[in-house]
Amino acid sequence: MFIIELTYKVPATEIDAAMAAHVAFLEKYYHSGHFLASGRKEPRDGGLIFARATSKAEIEKIISEDPFNINGLANYRIIEFKATKKIKAFDDFAGDEI
């Protein structure tokens, strides 16, 4: 599992103007089974995406398609996460690596 942290580099008005394209990007990867959850950070200086993939390189390829990335609106931090202690429902949520 990966946590993708976005940090905005531009004012919220520029983020809002690009939000529809970003949401379309998110939907593509929700439908493919890569994205599990996403949302804004508070305070609103970026966002988080919880994702499944076979490798960090696959996550980097996915990020390269994000309009926020293409247009230079956000920086990205990729955190690989291996759950070593978890509740049973976590497996239903996170599943096997894709």
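Residues numbered from 1 in each chain as written. Predicted model: local features only at pLDDT ≥ 70, side-chain atom pairs only at ≥ 80, totals over all residues. Heavy atoms only, no water.

S.K.: In this structure, what is going on with the sheet that holds strand β3 (residues 46-51)? I would like to understand it.
M.R.: Sheets are built from strands that pair by backbone hydrogen bonding, the pairs being arranged parallel or antiparallel. Spatial ordering of the open sheet is given by β2-β3-β1-β4, a layout of four strands whose pairing is antiparallel. The open sheet terminates on both sides in strands that have one partner only, identified here as β2 (35-40) and β4 (74-80). Each neighbouring strand pair of the sheet contributes to a mean axis angle of 15°, computed without reference to strand direction. The sheet contact formed by strand β1 (residues 2-8) and β3 spans six bridges and is antiparallel. Paired with Leu6 across the two strands is Gly47, which belongs to β3. Where helix α1 (residues 12-31) meets the sheet, it contacts β1, β2 and β3, and its direction lies at approximately 165° from that of β2. (Pairing = 2+ DSSP bridges. Helix = DSSP H or I, 4+ residues; strand = E, 2+ residues; numbered from the N terminus. Axes fitted to C-alpha atoms, helices over the stretch in contact; angles between N-to-C directions. Contact = heavy atoms within 4.5 Å.)

S.K.: Could you clarify how one ought to interpret the packing of aromatic side chains in this entry?
M.R.: Ring pairs (aromatic) are described by centroid distance and by the angle formed between their planes. This structure, assessed with the given rule, holds five aromatic pairs. Measuring from centroid to centroid gives 6.0 Å for Tyr8 and Phe68, while their planes differ by 85°, and the two rings are edge-to-face. With Tyr8 in strand β1 and Phe68 in helix α3 (residues 67-70), the pair connects residues that are 60 residues apart, well separated along the chain. There is no split in this pair, since Tyr8 and Phe68 are both buried. Aromatic side chains Tyr29 and Phe35 sit 5.5 Å apart centroid to centroid with 40° between the ring planes, which places their arrangement in the tilted category. The burial state of Tyr29 is the same as that of Phe35; both residues are buried. One aromatic cluster is present, formed by Phe25, Tyr29, Tyr30 and Phe35 through successive ring pairs. (Phe/Tyr/Trp six-rings, centres within 6.5 Å; stacked < 30°, edge-to-face > 60°. Buried < 20%, exposed > 50% of the residue type's maximum accessible area, 1.4 Å probe, protein only.)

Don't take any of this as a statement about function, it's just geometry.
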